[in-house]
Every structure is written in structure tokens, then in C-alpha cells.
Amino acid sequence: MGVQTVGASVRRTEDPRLLRGEGAYVDDLRIPGVLHMAVLRSPEAHARIRSVDVGPARALAGVVDAFSAAELGRDQPAIPALFAVESFRPAPQYPLAVDTVRYVGDPVAVVVAESRHVAEDALELIEVDYEPLEAVVDASAAIQPGAPVLHDDAPDNVAATMVYESGDVEAAFAGADRVVRERLDVQRYTGIPLETRGVVAHRDPVTGELTVWASTQWPHTMRTILAGMLGVPARAVRVVTPDIGGGFGVKADFSPEDFLVPYVAGRIGRPVKWIEDRNEHFLAIAHSREQIHEVELALRDDGAILGLRARHITDCGAYQRPLGLVNASLAGTSLGGVYRVPAYRVEAVCASTNKAPASPYRGAGVPEATFARERLFDIAARELGIDRVELRRRNLLTPDELPHDTGLVSLEAAVVLDSGDFPAALDRALEMAGYADFSARQQAARDEGRLIGLGICVYHQVTGTGPFEGGSVRVDPTGEVTITSGAAPQGQGTATMLAQIAADELQVPHESIKVVFGDTGRLPFGMGTYASRNAVMAGTSVVMAARQVRDKARELAAHLLEADPADLELEDGAFTVRGVPTSRVGWAGVAAAATPGGNRPAGMEPDLEAVQYFENMAAPYSYGIHVAEVEVDPHTGYTTVTRYVVVNDAGRIVNPRNAEGQIVGGVAQGLGGALMEELVYAPDGQPQTTSFLDYLVPGSLDVPDVEIAHLASTTPLNPLGVKGMGEGGAIGAHTAVANAVADAIEHLGCRVTRTPLTPAAVWELLRSATAGAPA
């Protein structure tokens, strides 16, 4: 059989080093002579800057430099937006606020000192004269006439409007037996990695090369943006990612500090470090999720969907950074899900407010759209008197209808559902969850005064988005295999997954393969880790490179063994002549022959390495079914998730244990969004959740055991047949849990239309329903 590890739940090769405490994160880097940077952030949500005086800070012992935007000049570079549409009116963020601050946390000045505590002390000496302006923190209010204006080139505070449509929507609604409409809101929350952001930079005095170590999900993209802002060639900048303690999308961004640290290192001529503290994280990390959905569903009396029409407003915060429009775009193209929707129109509005800038967080607009659709489906089923499962089943696309081109194209990819069996997945999940018996159990609980509910979510997600990913495979003369990938994982187990893929192609033990990530000096081009793309894009580039190495090695081995390449077999790390097992050469022998001066066939280039780039814009779609069961305390509104079932289809699974870890982690984050997490702002723009005292995240006791089953509809869009699945848990859980809470309390007259469903929010729903009940 030889080596066959793809599909096996092998242990992660990354873990032993981390468990021994040998991880090396940005803050672990010790560079002689390093200085520490601290950032003065605006305490005002909206204000003009009359003056900034950094003189007192410069005078403090231990301070090496201090400056504001004035020292950078009027032409300081703006952080670019990577996606734009015709309606886009740029609202760029500059590294330091020039004339106006637009959110609490907006960087105003920088101090660089011999230690972090001196830099922090010096911040308090900087004198800033602010002229407060009226703030606006509600996205709907921000785009109304008369609202405070954030940017002169967008006087209505609309950064962009995108319309996605297919079919005849007007005719669909005109011919409908029933139209169900609702406003459905998702709150503002974000990723909370254990490791906050961090950047270290140092310019080599000999070569002039600027090396940047950063906790980022996209080192190559960071290099490109940084080089452009610094006005230097990309080859003059090297970005390296050490170990990363979580990212969840919020580190696939370019923030002011990503420019300021390298800029200061070049300005001063010494290495500089900045590590974000947790308060800064809450103030300034990319926020996400906050959307207002006004959705209408056109139906026949039998529950068949005729059309869907919606307008959603995304709160994009104060500025548009590189991915500022992505959440709105993906929400706009995801609202139809995996259902048969003949007519579709969604208007996606991007609103500017006096809050921290928004960017993708695990799911990137899809959790929001999924909540709006699946919550509306439950509401529609109740109004039509149809079982909620039956409503979904009647409208799910069948395998015979795939691939299904929706006619929609997001900023990332065309929405073409490539493969799957959505009805079978739904049936499997319902069977696992005991749905057939739940109604009786629910009634029995109600008779005891208990409130239990069951929530269903059918979701899909775009994965493996392009345009490319790079990977190299090299075999050294010692026979050791090294993979270098453009991916930049943060705990997903990608090294193990890529090693499994290469191991099968090269017939070597996967644990013997070294995998290197996140170094622009080792691989010229790469994209990074986001959008559930590691298996699809990085995996395919590695399998392409491994096969090229294997093919070249076969020619070399045939030359060494004086045999026909077609007669060779590769198994257990060696080429043998078929039928002559004693005639063999291992990888070390082949690689040694490949070196300059080695015994190669005439005309063959030396070395045994291949670099491949998988270029592909056709993104596969994963999907899944989540079923959550909850119990709501009628006296306190506290919700306990008592059972959780997932049926996941991500095509061919390289490592099921890794995959299930991704699902469970995503479920925890989605549960947090449904029940706990919210970044709250006061009406004057002051953030109310700036520490873990105010911002609750799920603990181990909040997340139940997750029962998982897999389907495997392989995609034809890559040679591995894989789809991504890293975001599915977060997409499905938010809605499944919210729908379960609604199922537990709606019979009392409660209507669930927004999250989070905190104890206070649920208690208020129950109190209002009781107050409104007839005496």
C-alpha cells in the first residue's frame, strides 16, 4: 500500500513544540538595541485636531523620538483599499490622524523609547487640543439627511452601494400568495485571539533590507502594501510571521501600526517593537458583523420561494481599510443560501460611522446573511403554518441541479454552487438530533415550566478564493523534504495537512517533512491564510509541486538504475524497478544526483525543487447543517446550549481530526455571537466594552460536546477535490443557537429579530411578552 495519509486523523506535528512552551511569537523576539513604540489614541469619537505638542514627551528621559502627523508631512501615505466598486467613495485611514479624528482609538501620535513603560508614560505628556464634533454611531442614522459627516467626499456617509440581482423580482413579488418581511439585526463583535497584534522591524545597515516580523495572516500582502506606502521596491522589504496565536480574519488587515513600526525603524535606524495591549485590541482591531437587514420573502401558499428582496446596511466604521467592502459584498451574495430562489435582489449599503474600522472576521458577511435568511425562514414557516424543516426541504437545491450558477458575483468570487447533497445533509442532521421526537419533549418540558428550543441552520460558504497561492517542495541530498508555503496559519494544523499531501505524493513519512510558512524571503509570491483557503489553494500548490519533484526524480532514478521510467515504482521513500526489488534508489540518492556536478541525464537542470502557483478564481462552496438545542431560564433569561449537532460537507477531508477541531472552535465563536459578545458604543461614540470585564466570550463550560458527521461531495475545481471549511462553525452556530432560543420562547409571544440574546435581552423579551399578554 505504501504511504497513504490523506484522509487519516494523524496527530498534528505542530503541537509538541508548542506544548513544551517552545513557541516563538512576535513578543518573544529579542533583538539587541530594540526600542519600543507606543501610540497615543484619540479619546474623542469625532473631533478636529487644533494642535499636537509632542515636545514634553520628547524631553522625558529614555524617549528617543515622538511625532504626530505634522512630522510625517501632508503627503503621508494612506492605507489602500484592495477592493473597489464603481460607487466607491474612498474613506482611507492614514497612519496618524491629520486634521480630524473619527473614532475613539484613532492614532494621533507616536512615542519611541528605550522601554515600553517609558513610552507609555511619555504618551501622557503629549498635549492635544481637540475641537469636539457631533458623532454618529448608528449606521441607519448615519446615512439619513442631516447626520454628522465623516468624510467630505461622502457627505451622505455612504462609502459604497452594491446591488446583486438575478431574475424578475418585481414579477415574483407581484405573483406571490404571501410576502413575509422583517428587519433583522446582527451586532458588532470581533475575533479575540489569545495573542494580540504585534510588529517588530529592523533595517539591515549593510543591505538596506527592511525585515518585519508581524502577527499577520497575509505576509506577502503586507509586504506589498508596506513597500508601496514606504515608496520602496517590494524586494527591499521582507515580512516574516513567527508563531501566531490566533487570527480569525482580524489579522488579515493592514493597520496604522503595520506602517508606523517599519517607518520608525527606518527613521531612527534601530529595531522597533510594538505589541498591542488588550485595551488597544478592543479599541482598534478590525471590528465586524454589524449589519441591519430588511428582508422580504415572496412565497406561494405551499411554501415555495418565488423571490427574495433585501436591503442591508453594513456599519463599516470610520475608514475603509484593505477589505472594508468585503463583508457587505459577501452578505449581499450569500442571502439566498443553497435554496432555489428564482428572483433575487439585494442592495448592500456601506455606511461610515464614528467607530473602529470594520473588516472580515471568521465568515466575513456570511454569518450575518445566514442569520437574516434562516431567522426569516422560521418566521415565514410559523406564519404559513408549515413545519420549518419542510419549508427548507421544499426549497433546497437537489444534486441534479448542481452545479448551480446563481448569476451573482461577489468581490471575491462568482457564486456557483459546485457540488453537494443539501437534502441528504439536512436529513442526516435531523436524525442525529432526534428532531422527530423533539416536539413531544418540548411540550413535556413546557408542562414542567421549562423552556427548551431547537434551532436549525442551513449554511454555505465560499472557500479557497483566488487568485493564487504558492508552494515549493524541495528534497535535500540528505533525503529530507521541505515544504515552503505562502499560507500563514494561526493554529489550523496546516503544516500537518500539507505534510500529509506531500507525503502521499513522495511516499515518505509525513512527520519527517519540514513545513515553513510566512516568509516573503523564501517564496516570492503568496497570498496568506483567510477565506478557508489553506487546503484548497495551499494544498493544491503543494500537490502540484510535489508531483513535479516526483516526476523529475523518476527520470533521475531511471537514469541511475538504467531502467525505463515507466518501469519504476515509488513506495516507502524509494524508487524500485518493477519485479526487481533489489534495484532501488532512495530519495537521498536521487537528490544527491540532482546536485550540480551530480550524475544527471544530459540536459537536466540541477536541484530537486519545484515551485508552483495554483491560479484559480473558481471557488468551491462548502455547506453544512447545524442543529442546536437550548434551555432558557424563564426567570433570568439565561440560555444553556444543551446539545449541538453538525453535518459538514467540505469535499475530501485531508485530516478529519483537524477538520473537527476547526468546526468546534467555530461553533464556540458563533455561540458567543449568538448569546454573549457585543462591542457596545454609547450615543456619543464612547466604547463601553474595552476589556474582558465588559466583553464576555464563551468558556469551556458554555460549549457542549459537538456531534459531527461528514459528507464528502468532492469538488471538480481542484485536483484534491477539497473545499475549505474553517469558517463554517462560526457561520452556522450563530444562527442555529439564535433560532433555538427563538423556538424556546416564541410561543409566549416573543419575536427574536436581533442578537446577542444575552440574559438581559431574553429576560426583556419575556417580560414584554408577559406585559402584553391579555389579563
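Residues numbered from 1 in each chain as written. Predicted model: local features only at pLDDT ≥ 70, side-chain atom pairs only at ≥ 80, totals over all residues. Heavy atoms only, no water.

1. So, the domain arrangement of the protein
- By domain assignment, the protein separates into domain 1 (15-22 + 467-615), domain 2 (31-133 + 195-245 + 251-284) and domain 3 (291-464 + 618-772).
- One C-alpha centre belongs to domain 2, the other to domain 3; they are set 36 Å apart.
- Each partner contributes to the interface: domain 2 provides 32 residues, whereas domain 3 provides 25 residues.
- Together domain 2 and domain 3 conceal approximately 2400 Å² of surface at their shared face, both sides included; 63% is due to carbon and sulfur atoms.
- Inspection of the region where domain 2 meets domain 3 yields 1 salt bridge.
- The partner of R321 in a salt bridge is D253, with the nearest N and O atoms 3.0 Å apart.
- At the boundary of domain 2 with domain 3, the tally comes to 10 residue pairs in polar contact (both at pLDDT 80 or more).
- Here the side of domain 2 that touches domain 3 is composed, by residue class, of 22 nonpolar, 5 polar and 5 charged. (Domains from an automatic or database assignment. Contact = heavy atoms within 4.5 Å. Buried area = accessible area lost by both parts, 1.4 Å probe. Salt bridge = Lys/Arg side-chain N within 4 Å of Asp/Glu carboxyl O. Polar contact = N/O pair within 3.5 Å; in protein donor to acceptor, adjacent residues only side chain to side chain. Nonpolar A, V, L, I, M, F, W, Y, C, P; charged D, E, K, R; others polar.)

2. A short note on the packing of helix 11 (residues 366-384) against helix 12 (residues 388-395)
- The contact between helix 11 and helix 12 brings their axes to 8 Å, and the two run at 115 degrees. The angle between the axes of helix 11 and helix 12 places the two elements in the roughly perpendicular class. For the pair helix 11 and helix 12, the sense of crossing is right-handed. Each of E374, F377, D378, A380 and A381 in helix 11 lies in contact with helix 12, whose residues at this interface are R388, L391 and R392.
- For the contact of helix 11 with helix 12, the class distribution of residues is 4 nonpolar, no polar and 4 charged. (Axes fitted to C-alpha atoms, helices over the stretch in contact; angles between N-to-C directions. Helix = DSSP H or I, 4+ residues; strand = E, 2+ residues; numbered from the N terminus. Parallel < 35°, antiparallel > 145°, perpendicular 65-115°, else oblique. Left-handed = near helix turned anticlockwise from the far one by under 90°.)

3. Details of helix 14 (residues 435-447)
- Compared with an ideal rise of 1.5 Å per residue, which puts 13 residues at 18 Å, helix 14 spans 19 Å between its outermost C-alpha atoms and is within 8% of the ideal.
- Taken residue by residue, helix 14 has Y435, F438, Q442 and A445 as its buried positions. One face of helix 14 carries all of its buried residues, which in axial projection span an arc of 65 degrees. Turned more than 90 degrees away from the buried face of helix 14, the exposed residues are A436, D437, S439, A440 and D447.
- On its buried face, helix 14 is in contact with helix 12, helix 13 (422-433), strand 18 (451-462), strand 26 (621-632) and helix 19 (728-745).
- A positive backbone phi angle near 85 degrees is found at G449, which sits one or two residues after helix 14. (Expected span 1.5 Å × (residues − 1). Buried < 20%, exposed > 50% of the residue type's maximum accessible area, 1.4 Å probe, protein only. Arc of directions from axis to C-beta.)

4. What about the sheet that holds strand 4 (residues 100-101)?
- The strand order 4-2-6 describes an open sheet built from 3 strands, whose pairing is antiparallel. With partners counted over all chains shown, the strands left at the sheet margins are strand 4 and strand 6 (127-132), one partner each.
- Two strands pair when backbone bridges link them, and strand 2 (residues 47-53) and strand 6 are joined in this way by 6 bridges, in the antiparallel orientation. Counterpart to D53 in the pairing with strand 6 is E127. (Pairing = 2+ DSSP bridges.)

5. Examining empty space enclosed by the protein
- Taken as a whole and judged by the stated rule, the model has 4 cavities of 30 Å³ or more.
- Approximately 90 Å³ is the volume found for the largest cavity.
- Lining the largest cavity are R197, G198, V199, S215, T216, M222, V250, K251, D253, S255, D258 and W274.
- Here the lining of the largest cavity is composed, by residue class, of 4 nonpolar, 4 polar and 4 charged. (1 Å grid on protein atoms, 1.4 Å probe; cavity = no way out; pocket = protein on both sides within 12 Å on 5 of 7 lines; lining within 4 Å. Points joined across faces, edges and corners; volume = space filled by probe spheres on them.)

6. Comments concerning the pairing of strand 20 (residues 481-485)
- A large share of strand 20 lies buried, amounting to 5 of its 5 residues.
- Summarising the sheet, strand 19 (residues 468-475) and strand 20 pair through 5 bridges and their orientation is antiparallel. Paired with V475 across the two strands is V481, which belongs to strand 20.
- Counting the residues that bridge the hairpin from strand 19 to strand 20 gives 5 residues, and of these G479 lies at a positive phi of roughly 90 degrees.
- One ladder, built from 4 bridges, connects strand 20 with strand 21 (residues 514-517); its direction is parallel. By the bridge assignment, T484 is partnered in strand 21 with V516.
- The parallel pair strand 20 and strand 21, bridged by helix 15 (residues 494-506), forms a crossover whose chirality is right-handed. (Right-handed = clockwise from strand over helix to strand, strands pointing away.)

7. A closer look at the sheet that holds strand 22 (residues 568-571)
- Strands sit in the order 22-23-24 across an open sheet of 3 strands; the sheet is antiparallel. With one partner strand each, in any of the chains shown, strand 22 and strand 24 (580-586) form the two edges of the open sheet. Each adjacent strand pair in this sheet contributes to an overall mean axis angle of 30 degrees, direction not counted.
- Summarising the sheet, strand 22 and strand 23 (residues 574-577) pair through 4 bridges and their orientation is antiparallel. Note that in strand 23 the partner of E571 across the bridge is A574.
- Strands in contact with helix 17 (residues 587-594) are strand 22, strand 23 and strand 24; relative to strand 24, the strand with the most contacts, it is inclined by about 50 degrees.

8. Describing unusual backbone geometry
- Of note, the bond from G466 into P467 is cis; its omega dihedral lies within 30 degrees of zero at 10 degrees.
- Of note, P467 is situated in the loop between strand 18 and strand 19.
- Omega for the peptide link from T755 to P756 comes to 5 degrees, which places this bond in the cis form.
- Even without a glycine there, the phi angle at Q507 is positive, about 60 degrees.
- The exposure class of Q507 is buried, given its relative accessible area of 8%.
- Phi at D607 is positive, roughly 85 degrees, even though this residue is not glycine.
- Judged by relative accessible area, which is 28%, D607 ranks as partly exposed.

9. Re the pairing of strand 12 (residues 272-275)
- Going residue by residue along strand 12, you find V272 and W274 tucked away on one face and K273 and I275 tucked away on the opposite face as well.
- By the bridge criterion, 4 bridges tie strand 9 (residues 198-203) to strand 12 in an arrangement that is antiparallel. Its bridge partner lying in strand 12, V199 is registered against W274.

10. Observations regarding the pattern of salt bridges
- In the structure shown here, the tally under the stated rule is 63 salt bridges.
- Residues E401 and R340 are paired through a salt bridge, measuring 2.9 Å at the closest nitrogen-oxygen approach. Of this pair, E401 sits in the loop between helix 12 and strand 16 (404-409) while R340 is found in the loop between helix 10 (326-334) and strand 15 (344-351), placing the two residues 61 residues apart along the sequence.
- Residue classification places E401 among the partly exposed positions, given a relative accessible area of 27%.

11. What about the nonpolar core?
- Core analysis: the biggest nonpolar cluster contains 116 residues, and L308, L335, Y644, L675 and I745 have the highest contact counts within it.
- The residues touching L335, leaving out its near neighbours within four places in the chain, are V295, L308, A310, Y344, V346, A369, A372 and R373.
- Listed in part, the 49 residues of the second largest apolar core include F517, M537, F575 and M604. (Core = buried A, V, L, I, M, F, W, Y, C linked by side-chain atoms within 4.5 Å.)

12. Digging into helix 13
- With 12 residues, helix 13 extends 17 Å from end C-alpha to end C-alpha; this agrees with the ideal 16 Å at 1.5 Å per step.
- F422, P423, A425, L426, A429, L430, M432 and A433 are the residues of helix 13 that are buried.
- Here the buried face of helix 13 lies against helix 12, helix 14, strand 18, strand 26, strand 27 (639-649) and strand 28 (706-711).
- At the N-terminal boundary of helix 13, the capping side chain belongs to D421, with an oxygen 3.2 Å from the backbone nitrogen of A424.
- The positive-phi residue at the C-terminal boundary of helix 13 is G434, with phi of around 65 degrees.

13. Digging into the state of the cysteines
- For the structure on display, the rule yields 0 disulfides.
- Distance from the sulfur of C350, which forms no disulfide, to the nearest cysteine sulfur (C316) is 4.1 Å. (Disulfide = S-S within 2.5 Å.)

14. What to know about the side chain of E412
- On the secondary structure map, E412 appears in the loop between strand 16 and strand 17 (414-417).
- Among all residues touching E412, those that are not within four sequence positions of it are V326, L330, V462, T465, A531 and M617.

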